[in-house]
Amino acid sequence: MSRRDTKKINIGGRVIGGGSPVLIQSMCNTKTEDIRGTAAQILRLEQAGCDIIRVAVPTMEAALALREIKKEIHIPLVADIHFDYRLAIAAIENGADKIRINPGNIGSRERVKAVVDKAREYGVPIRVGVNSGSLEKQLLEKYGGVTVEGLVESALDKTALIEELGYDNLVISIKSSDVMMCIKAHEMIAEKTSYPLHIGITEAGTVNAGNIKSSVGLGIMLYQGSGIPSGFPSPGDPVEEIKTAKLILGALGLRKGGVEVVSCPTCGRTSIDLIGLANQVETMAAEFDDLDIKVAVMGCAVNGPGRPGRPTWVLQAARARGF
Ligand code: SF4
């Protein structure tokens, strides 16, 4: 199913699905109870280009903090809840623009219903999240471990449960640290549902490994059109995720604008600190999201100005002499 055929879901004024532009979602790594610290991180993420932000809501204090955090920020706020249905209800009442739950760990049907009823009352979408690390025992037994089929069945079962409760304002996510499993599960579920998919590679590893796994996995899923908003999990500062996400979307032609910095691979002709200069230019260029240009940092005149296909601006060795 192509992205154009999926249902449109409104998350605090930002629309996903149905051919809407791909949005970038990140997740804070602050304690949500720390209102000031969390709001400050979200403002940094907004500046970096984050479209939607998710925060963990493990306590009632965190659920209540959402109301104050919302006052400080300008992008939709998603509450991530596990185990306790009362936290989901409180998160919605305190301004969450979307909640992410795994109905499998929320408890009885009555508790899931209480969350669904509150979401309906406030018009808040629910992301039904399935993770390879928390697949139900019966599906592990049925399929002999964590499999693509098991992940898809788990997600569709949970979606069906919420549909039976009369709600279809839903987004689905299936995450796995296994890139190929993730890709295949998205291919399979995209054929079976019209809900937009939130895509991401979970537990991707260190920054370097995470970036590579996310780039390969999300790149393929986005190219196939099976995913909508994207999480780019990697440890450390989530602002780095946003940079990676923007580069992936730019490389796929799914997001225009901003300054694209390219640099030559360096060789024996290079007579300047090419990498240092390229890093410097990239930092400077990050401020100019309103431009849509390419800047090349080249080590010599071989591929310099005037060559066919050269970018708009070319900074060469001459740049080191004060240009
Ligand atoms: S642009 Fe010049 S310095 Fe850079 S790789 Fe090509 S030939 Fe070498």
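Preceding this section is the structure that the text describes.
Residues numbered from 1 in each chain as written. Predicted model: local features only at pLDDT ≥ 70, side-chain atom pairs only at ≥ 80, totals over all residues. Heavy atoms only, no water.

J.: Looking at this structure, I do not really get the overall build of the protein chain. What am I missing?
T.: For the protein chain, the count of helices and strands is 10 helices and 13 strands. Across the 323 residues of the protein chain, 49% fall into the buried class. A separation of at least 24 residues holds for 65% of the contacts in the protein chain among residues at least 6 apart in sequence. For the protein chain, the exposed surface amounts to about 15,100 Å²; the carbon and sulfur share of it is 53%. (Helix = DSSP H or I, 4+ residues; strand = E, 2+ residues; numbered from the N terminus. Buried < 20%, exposed > 50% of the residue type's maximum accessible area, 1.4 Å probe, protein only. Contact = heavy atoms within 4.5 Å. Areas by Shrake-Rupley, 256 points an atom, 1.4 Å probe, with all protein chains shown as cover.)

J.: Looking at this structure, how should I read the pattern of salt bridges?
T.: It is possible for side chains bearing opposite charge to pair when their charged atoms get close. Applying the stated criterion to the full structure yields 17 salt bridges. Measuring nitrogen to oxygen at the nearest pair gives 3.3 Å for the salt bridge that ties Arg-109 to Glu-164. With Arg-109 in helix α4 (residues 109-122) and Glu-164 in helix α6 (residues 148-164), the pair connects residues that are 55 residues apart, well separated along the chain. A relative accessible area of 56% means that Glu-164 is categorised as exposed. A salt bridge links Lys-118 to Glu-121; the shortest N-O distance between them is 3.3 Å. Residue Lys-118 and its partner Glu-121 are located together in helix α4, separated by 3 residues, close to a single helical turn. For Lys-118, a relative accessible area of 15% gives the class buried. For Glu-121, a relative accessible area of 56% puts it in the exposed group. (Salt bridge = Lys/Arg side-chain N within 4 Å of Asp/Glu carboxyl O.)

J.: Looking at this structure, I do not really get the pairing of strand β7 (residues 126-131). What am I missing?
T.: The two faces of the sheet receive side chains in turn, since in a regular strand these alternate between them. Across the 6 residues of β7, 6 count as buried, placing the element largely inside the fold. Covered by surrounding structure in β7 are Ile-126, Val-128 and Val-130 together with Arg-127, Gly-129 and Asn-131, the residues of both alternating faces. Judged from the 3 bridges that link them, strand β6 (residues 98-101) and β7 form a sheet pairing that is parallel. Bridge assignment links Ile-101 to a residue of β7, and that residue is Val-128. Viewed along the sheet, the connection from β6 through α4 into β7 turns out right-handed. One ladder, built from 6 bridges, connects β7 with strand β8 (residues 170-175); its direction is parallel. Directly across from Ile-126, in β8, lies its bridge partner Leu-170. (Pairing = 2+ DSSP bridges. Right-handed = clockwise from strand over helix to strand, strands pointing away.)

J.: Looking at this model, I keep getting lost on the packing of helix α8 (residues 207-224) against helix α9 (residues 238-251). Mind explaining?
T.: Helices that pack against each other are described as a pair by the angle of their axes relative to one another and the distance between those axes. Across the interface, α8 lies against α9 with an axial gap of 10 Å and an inter-helix angle of 40 degrees. Put simply, α8 runs oblique to α9. In this structure, α8 meets α9 at a crossing whose hand is right-handed. Judged by residue contacts, Asn-211, Ser-214, Ser-215, Gly-219 and Leu-222 of α8 engage Thr-244, Ile-248 and Leu-249 from α9. Tallied by class, the residues present in the contact of α8 with α9 amount to 3 nonpolar, 5 polar and no charged. (Axes fitted to C-alpha atoms, helices over the stretch in contact; angles between N-to-C directions. Parallel < 35°, antiparallel > 145°, perpendicular 65-115°, else oblique. Left-handed = near helix turned anticlockwise from the far one by under 90°. Nonpolar A, V, L, I, M, F, W, Y, C, P; charged D, E, K, R; others polar.)

J.: For this particular structure, what's the right way to read the pairing of strand β4 (residues 52-56)?
T.: Within β4, 4 of the 5 residues are buried, which leaves the element mostly enclosed by the surrounding structure. Sheet topology places strand β3 (residues 25-27) next to β4; 3 bridges connect them, and they run parallel. When the sheet's bridge partners are listed, Ser-26 is paired in β4 with Ile-53. Viewed along the sheet, the connection from β3 through helix α1 (residues 35-48) into β4 turns out right-handed. Taking the sense of rotation as the criterion, the β-α-β connection linking β4, helix α2 (residues 60-72) and strand β5 (residues 77-80) turns out right-handed.

J.: Got a minute to help me understand α8 in this structure?
T.: For an α-helix, the turn length of 3.6 residues means that residues three or four places apart are oriented alike. Here α8 contains 18 residues, and its C-alpha end-to-end distance of 25 Å stays within 8% of the 26 Å for a straight helix at 1.5 Å per residue. Within the span of α8, buried status applies to Gly-210, Ser-214, Gly-217, Leu-218, Gly-219, Met-221 and Leu-222. Looking one or two residues beyond α8, the residue adopting positive phi is Gly-225, at roughly 80 degrees. (Expected span 1.5 Å × (residues − 1).)

J.: Hey, could you run me through the environment of Ser-134 in this one?
T.: By the secondary structure assignment, Ser-134 is in the loop between β7 and α5 (137-143). Ser-134 sits 17 residues away from Leu-151 along the chain, and the two C-alpha atoms are 9.7 Å apart.

J.: Help me understand the environment of Asp-51, please; the structure alone is not making it clear to me.
T.: You can see Asp-51 is positioned in the loop between α1 and β4. Accessibility expressed as a relative area gives 8% for Asp-51, which makes it buried. In contact with Asp-51, not counting residues within four places along its chain, are Arg-14, Val-22, Leu-23, Ile-24, Ile-75, Pro-76 and Arg-255. Of note is the side chain of Asp-51, whose polar atom sits 2.8 Å from the side chain of Arg-255. (Polar contact = N/O pair within 3.5 Å; in protein donor to acceptor, adjacent residues only side chain to side chain.)

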